Amino acid sequence: MEHRDFSATPSANAPLTDGVTQTTDLPLYWRADGPPGAPPLLLLHGGPGAHHDYLYPQLLALSDTYRVITYDQRGGGKSKTDDPTPVTWQTQVGDLAQIVTEFGLIPPTIVGYSWGALLAMLYATQCAKGGDARLAPARLVLISPAPITRAWRSDFEAALSARGRHAAILAMREELAASGLRERDPAAYRQRGFELSVAGYFADPTRARALTPFRVTGRVQQSVWESLGAFDLRDELRAVHCPTLVIHGRQDPIPLESAAAVAQSLSAEFIVLDDCGHVPYVEQPELLFAAIRRFLAESHGSLRSSHPDPTHDDSR
């Protein structure tokens, strides 16, 4: 496996170790942050078709006591591909299984955000259907999970579209257009434009600041959602049995009913964060990280006592 060496105290936005996978048919970019030998967490970003780094630097808070391993899912970020073959949810689940195996994360603790939470659920249902039981999740943390039915996804799309026309967001867009920032500081203008493009995800759109920009590969996003068809995961999730924490913002444009159904189907702990939309790591970070740390500590007994750490090279 490829490794690159970084300083002992990397900046918040620099990976401690990174490389590309060796066992997937398309090499996928990965990075690992946190103390080598610490309990590993496999972090799944949203999208589909996005990339991991928009969750950072905020999610790096977990790397003080955990080895946080993440990767750019196929088709996005540094794992883009020119292969015209459509990327499907089955493709993404297969890649996830390969990564769990390659990194020795058996059984894995998976932290999924948005689409990443849905990918974690799809992966868990496939393990429960007769896949390799060793690869099944030991525990799941599902943050702002994407809708688990097509109907709830339609509700989300309608809600997000309506929020984009909110008076506060329209006023901020007008203010940006009239500011002259585009000419004075094009980079700052692009940054602010990105923040306003996602402001509808927030309970308070004025909080959409200091965000790490990201791009979504449209064809990957489309092909993955199309592959799901008229999906409804409620029954399949009932076959998944592992400690699970579901965290959802009360003002998330993704229906709260969907997140509640996730928790009910998985017999999971369910935490609703008030004054919070889809981005709790920005909107309610203290409550979010306290809940995650407490859940991981309480469910520690479901893990094996130690894991190998293939992201660390002792010969360096």
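Residues numbered from 1 in each chain as written. Predicted model: local features only at pLDDT ≥ 70, side-chain atom pairs only at ≥ 80, totals over all residues. Heavy atoms only, no water.

Participant: I'm lost on helix 9 (residues 256-266) in this one. Help?
Facilitator: Given 3.6 residues per helical turn, the α-helix brings residues three or four places apart onto the same face. Within helix 9 the residues assigned to the buried category are Ser258, Ala259, Ala261, Val262, Ala263, Ser265 and Leu266. Remark: Ser267 follows helix 9 within two positions and exhibits a positive phi of approximately 50°. (Buried < 20%, exposed > 50% of the residue type's maximum accessible area, 1.4 Å probe, protein only. Helix = DSSP H or I, 4+ residues; strand = E, 2+ residues; numbered from the N terminus.)

Participant: Would you explain the packing of helix 1 (residues 89-102) against helix 2 (residues 115-128) in this entry?
Facilitator: Helix packing geometry: the angle between the two helix axes and the distance between the axes. Where helix 1 contacts helix 2, the two axes come as close as 10 Å, and the packing angle between them is 80°. Considered as vectors, helix 1 and helix 2 are oriented roughly perpendicular to each other. Taken together, the residues of helix 2 that come into contact with helix 1 (itself represented by Trp89, Gln92, Val93, Leu96, Ala97 and Val100) are Trp115, Leu119, Leu122, Tyr123 and Gln126. Taken together, the residues of the contact of helix 1 with helix 2 break down into nine nonpolar, two polar and no charged. (Axes fitted to C-alpha atoms, helices over the stretch in contact; angles between N-to-C directions. Parallel < 35°, antiparallel > 145°, perpendicular 65-115°, else oblique. Contact = heavy atoms within 4.5 Å. Nonpolar A, V, L, I, M, F, W, Y, C, P; charged D, E, K, R; others polar.)

Participant: Hey, could you run me through helix 7 (residues 218-228) in this one?
Facilitator: Taken together, the buried positions of helix 7 are Val220, Ser223, Val224, Trp225 and Leu228. Among the structural elements, helix 1, helix 2 and helix 3 (150-163) are those in contact with the buried residues of helix 7. Within two residues after helix 7, Gly229 carries a phi angle of roughly 60°, on the positive side.

Participant: Just to check I follow, could you spell out the sheet that holds strand 6 (residues 139-143) for this structure?
Facilitator: By definition, the strands of a sheet pair up through backbone hydrogen bonds, in either a parallel or an antiparallel sense. Here we have eight strands laid out as an open sheet, ordered 1-2-4-3-5-6-7-8, and mixed in their pairing. A strand with exactly one partner marks an edge of an open sheet, and here the two such strands are strand 1 (17-20) and strand 8 (269-273). Direction aside, neighbouring strands of the sheet carry axes that sit 15° apart on average. By the bridge criterion, four bridges tie strand 2 (residues 29-33) to strand 4 (residues 67-71) in an arrangement that is antiparallel. Looking across to strand 4, one finds that Arg31 is bridged to Thr70. Here helix 1 sits on the sheet and contacts strand 1, strand 3 (40-44) and strand 4; the angle it forms with strand 3, its principal contact strand, is near 160°. In this fold helix 2 packs onto strand 3, strand 4, strand 5 (109-113) and strand 6, with an angle of close to 140° to the strand it touches most, strand 5. (Pairing = 2+ DSSP bridges.)

Participant: Is there a simple way to think about the confidence of the model for the protein chain in this case?
Facilitator: Detailed reading of the predicted coordinates is not advisable wherever pLDDT is low. Across the protein chain, the average pLDDT comes to 90, with 90% of residues at 70 or higher. The low-confidence segment residues 1-14 (pLDDT under 50) makes 38 contacts with residues lying over four places distant or belonging to another chain. (pLDDT = per-residue confidence, 0-100.)

Participant: When you look at the side chain of His51 in this model, what are you seeing that I'm missing?
Facilitator: Assignment of secondary structure puts His51 in the loop between strand 3 and strand 4. Given the relative accessible area of 13%, His51 is considered buried. Reaching out from His51, the side chain makes a polar contact with the side chain of Asp53 at a distance of 2.4 Å. A polar contact of 3.1 Å, which involves the side chain of His51, links it to the backbone nitrogen of Arg215. (Polar contact = N/O pair within 3.5 Å; in protein donor to acceptor, adjacent residues only side chain to side chain.)

Participant: What exactly am I supposed to notice about unusual backbone geometry here?
Facilitator: The bulk of non-glycine residues show a negative phi, and the bulk of peptide bonds are trans. Cis geometry marks the peptide bond from Tyr56 to Pro57, where omega comes out at 10°. Between Ile106 and the following residue, Pro107, the backbone shows a cis peptide bond with an omega angle of -5°. The residue Pro107 is located in the loop between helix 1 and strand 5 in this model. Unusually for a residue other than glycine, Ser267 sits at a positive phi of about 50°. With a phi angle near 55°, Asp275 is a residue other than glycine that sits in the positive phi range. For Asp275, the position within the fold is in the loop between strand 8 and helix 10 (280-283).

Participant: For this particular structure, what's the right way to read the nonpolar core?
Facilitator: Here is a general trend for soluble globular proteins: nonpolar side chains tend to be buried in one another's company. Leu42, Tyr71, Trp115, Leu118, Tyr123, Leu142 and Ile148 are the most contacted members of the largest nonpolar core, which has 51 residues in total. At the level of secondary structure, the elements contributing two or more residues to this core comprise strand 2, strand 3, strand 4, helix 1, helix 2, strand 6, helix 7 and helix 9. The element contributing the most residues to this core is helix 2, with 10 residues. Setting aside its immediate chain neighbours within four residues, Leu142 contacts Gly112, Ala117, Ala120, Met121, Thr244, Leu245, Val246, Ile247, Val262 and Leu266. Residues Leu176, Leu181, Phe194 and Leu296 belong to the second largest nonpolar core, which totals 39 residues. (Core = buried A, V, L, I, M, F, W, Y, C linked by side-chain atoms within 4.5 Å.)

Participant: How should the layout of surface pockets be read in this particular structure?
Facilitator: Rolled over the atoms, a probe sized like a water molecule indicates the empty space that remains. In this structure, the largest pocket encloses a volume near 460 Å³. Considering the residues around the largest pocket, the lining is formed by 27 residues, among which Tyr54, Ser114, Tyr201, Phe214 and His278 are closest to the centre. When residues of the lining of the largest pocket are traced back to their parent elements, those giving at least two are helix 3, helix 7 and helix 10. (1 Å grid on protein atoms, 1.4 Å probe; cavity = no way out; pocket = protein on both sides within 12 Å on 5 of 7 lines; lining within 4 Å. Points joined across faces, edges and corners; volume = space filled by probe spheres on them.)

Participant: Teacher, can you tell me more about the pattern of salt bridges here?
Facilitator: Oppositely charged side chains can pair when the atoms bearing their charge come close. In this structure the tally under the stated criterion is 14 salt bridges. Here Arg74 ties to Asp25 by a salt bridge, and the two come within 2.4 Å at their closest N and O atoms. With Arg74 in the loop between strand 4 and helix 1 and Asp25 in the loop between strand 1 and strand 2, the pair connects residues that are 49 residues apart, well separated along the chain. You can call Arg74 buried: its relative accessible area is 10%. Here Arg238 ties to Asp235 by a salt bridge, and the two come within 2.4 Å at their closest N and O atoms. Among the residues examined, Arg238 registers a relative accessible area of 42% and is labelled partly exposed. Salt bridges here are not isolated pairs; linked through shared partners, they connect Asp25, Arg74 and Asp95. (Salt bridge = Lys/Arg side-chain N within 4 Å of Asp/Glu carboxyl O.)

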